[in-house]
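Commentary on secondary and tertiary structure
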Amino acid sequence: MIRWFRERKIMKGERSMDQKQSGRRKLRFGRSLMSRYILLILAAVLFVPVVLPIISVIYIVVVNNTNTNRDAPYGDVTRISNLWSREAKNLDGASDEEIKARLEQLHGSYPKSSMYRVNVSGETLFILGGEDVTLLKSTSPDGRTDTTLRWSLDSGQTTETHIPSLWNVNNTVQFMKEASFRDPLTVVAYIGGAEQDKGQGFMIIEVPRSLLQMNQSNWPMELLYLGIVMTLIFLIFIIMSILFFARIRKRLIRLQTAMMTTGKEGLPLPVDIRRSDEIGQLEESFNQMVHQLSDSRHREREEEQLRKRLIAGLSHDLRTPLTVIRGHMHALHKEELSEQGDRSLHRMEAKMEDLGGLIDNMLSYNLLTSGKYTLKLEEKDILRSVRETAAAWYPVWEKEQFEIDIDLPEEPLIWHMDEQGMRRILDNLFQNVIRHAASGKYIGISTQEIQGETAVVIQDRGPGMQPNSDTKGTGLGLSIVDLLIREMGLRKRVDSSDTGVQTYIYSGKGSNKPLK
């Protein structure tokens, strides 16, 4: 009957679980925590290769648009080259005096530059030195006077430009080779043709490159700017990560708190589902579990009440005809019966006693499970109760031809127990030996140290606990033993093998009090 109730409860629970699982909503990837975490990882991966160039471009644009005092004093190289070519072309057909006057005018506009002119014969006609230029005269091997321009550059270095008084192929090529990449910048233009020789000679201008370059940028400030911007972006990323995981942690803590907080029925309370992500599904599963537990608790109460009413009704209904049968059997003892009839009558009385014991077990089990079984816990000598109970079972064991081995110490063993309940425990265990271990023809009662305590050991030599036994009863006797041991705060251990079963009963409190 009890097995039927359990199977029915399990089947209902599985059916309810299947129904609720079938109605569970599917999670969309766009609403999942995985999608948000992937976006966070992508932001971290693209942080350096994407954000850094963007910040650099923004910085360059902002600096170029906000800094208006960055033009070079003499412009750039292209400007000087175009200016010198344009002036040379405009002097087409001009006399030496006009060319010199125009160059002196230009020199006034660019005083730190050096200008000089060479005619068609290769003679250097005049030299206009710059402000930071020293003109040095020297005599060439052929007796002519050459000029050397010594430049003092802003970098602190000095450089020289050798200007021959008469230009030939060799010194012209040497001059052009030295002037290609050196500082100062050297620009040569043909008079009248700029890029083409018109037979009017050429003119040269030399300008320090420091006057043609933009002022060096303030790299410490630029580095500080980039560092501040990158730090701010990194902090934003860290804050977003912290907020992301903090929200997850907060929701998990809320779910954990709900699991630990119980309601009126001793069950956790459902939680509010705020988002349809993985944690939302976990919350939904938790709510389903709470509802299933609540439904299971309700069904269990209903079935418990039904079982109690059924057992109480059966016990009451069986006792009335049992009493009548016992009365008639007592009356039969006064009649003259044959030997076979007398044996049958005694067998019927034994079965009636078994039936009465079964009814008593049903009532006791019902009272124990409902919490209505009253126990009177006192300091009692457990060994005395064992001896008295064993003495009552002695005739039964002798009738069954059991080998009786009782070895109990003389010193009392005090337990905090209900004496009547302990006798009930021993009766059920002895009855279990008679019913299931009769083939061993042995009953042993002794004491043994277990876990630092003195335990009462009941031993048989039967086949052990067999899952498929022909002599297996309802199991109420051992269930009552377990319930009574639990209610009295005792402990029980069972060791089963092919050579028999050993049942250990001990107080479980670590010490045994002596009798006063």
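Keep in mind that this is a model prediction, so the values were computed, not measured.

Each value, and the rule that gives it
Residues numbered from 1 in each chain as written. Predicted model: local features only at pLDDT ≥ 70, side-chain atom pairs only at ≥ 80, totals over all residues. Heavy atoms only, no water. Salt bridge = Lys/Arg side-chain N within 4 Å of Asp/Glu carboxyl O. Helix = DSSP H or I, 4+ residues; strand = E, 2+ residues; numbered from the N terminus. Buried < 20%, exposed > 50% of the residue type's maximum accessible area, 1.4 Å probe, protein only. Phe/Tyr/Trp six-rings, centres within 6.5 Å; stacked < 30°, edge-to-face > 60°. Lys NZ or Arg CZ within 6 Å of the ring centre and 35° of its normal. Pairing = 2+ DSSP bridges. Axes fitted to C-alpha atoms, helices over the stretch in contact; angles between N-to-C directions. Core = buried A, V, L, I, M, F, W, Y, C linked by side-chain atoms within 4.5 Å. Contact = heavy atoms within 4.5 Å. pLDDT = per-residue confidence, 0-100. 1 Å grid on protein atoms, 1.4 Å probe; cavity = no way out; pocket = protein on both sides within 12 Å on 5 of 7 lines; lining within 4 Å. Points joined across faces, edges and corners; volume = space filled by probe spheres on them. Nonpolar A, V, L, I, M, F, W, Y, C, P; charged D, E, K, R; others polar.

Focus on the pattern of salt bridges
The full count for this structure, using the stated rule, is 15 salt bridges. When the shortest N-O distance is used, the salt bridge between Arg102 and Glu87 registers 2.8 Å. You can see Arg102 sitting in helix α5 (residues 96–109) and its partner Glu87 sitting in helix α4 (residues 77–90), a full 15 residues away along the chain. What makes Arg102 partly exposed here is its relative accessible area of 24%. With relative accessibility at 9%, the residue Glu87 sits in the buried group. For Glu339, the salt bridge identified is with Arg343, shortest N-O distance 3.1 Å. Within this pair, Glu339 and its partner Arg343 are both found in helix α9 (residues 339–370), separated by 4 residues, close to a single helical turn. With relative accessibility at 61%, the residue Glu339 sits in the exposed group. Relative accessible area serves as the criterion here: at 38%, Arg343 is assigned to the partly exposed category. Salt bridges sharing common partners tie together Lys376, Glu378, Lys380, Arg384, Glu388, Glu419 and Arg423.

Things to note about the packing of aromatic side chains
Two numbers describe a pair of aromatic rings. These are the distance of the centres and the angle of the planes. Throughout the structure, instances matching the rule amount to 6 aromatic pairs. Measuring from ring centre to ring centre gives 5.2 Å for Trp167 and Phe175, while their planes differ by 85 degrees; the resulting arrangement is edge-to-face. The residues Trp167 and Phe175 share a single accessibility class, namely buried. Measuring from centroid to centroid gives 5.1 Å for Phe244 and Phe245, while their planes differ by 85 degrees, and the two rings are edge-to-face. Looking at Phe244, the relative accessible area reads 15%, which means it is buried. Ring-pair connections join several aromatic residues into one group, and the members of that group are Trp167, Phe175 and Phe202. Lying across the ring of Tyr442, Arg461 places its NZ or CZ 3.8 Å from the centre.

Quick look at the sheet that holds strand β12 (residues 453–460)
One open sheet holds the 5 strands; their spatial order is β9-β11-β12-β14-β13, and the pairing between them is mixed. The open sheet has two edge strands, β9 (403–407) and β13 (491–497), and neither has a second partner. Pairs of neighbouring strands in the sheet enclose a mean axial angle of 20 degrees, with direction left out of account. Of the pairings in the sheet, the one linking β9 to strand β11 (residues 442–450) comprises 5 bridges and is parallel in character. Within β11, the residue paired with Asp405 across the bridge is Gly444.

Describing the nonpolar core
With 36 residues, the main nonpolar core has Ile382, Trp397, Trp415, Met422 and Ile425 as its most contacted residues. Only α9, α10 (382–399), β10 (414–417), α11 (419–436), β11, β12 and α12 (476–487) provide two or more residues apiece to this core. With 7 residues, α11 is the largest single contributor of residues to this core. Those residues in contact with Trp397 that lie beyond four places of it in its chain are Ala390, Phe402, Ile404, Phe430, Ile434, Ile443 and Ile445.

A short note on unusual backbone geometry
A positive phi angle is found at Gln401, which is not glycine, with a value near 60 degrees. Overall, the relative accessible area of 64% leaves Gln401 in the exposed class.

Quick look at the confidence of the model for the protein chain
Scored by pLDDT, the protein chain comes out at a mean of 79, with 84% of its residues at no less than 70. With pLDDT under 50 throughout, residues 1–6 is counted as low confidence; its partners more than four residues away or in other chains account for 8 contacts. Per-residue pLDDT stays below 50 along residues 19–24; that stretch engages in 7 contacts with residues further than four places along the chain or on separate chains.

Looking at the layout of surface pockets
Considered as a void within the structure, the second largest pocket measures approximately 380 Å³ in volume. Around the second largest pocket sit 15 residues that line it, and Arg36, Leu243, Phe244, Arg247 and Arg275 are the ones nearest its centre. For the lining of the second largest pocket, the secondary-structure elements that each account for two or more residues are α2 (33–45) and α7 (219–260). Considering only residue class, the lining of the second largest pocket consists of 8 nonpolar, no polar and 7 charged.

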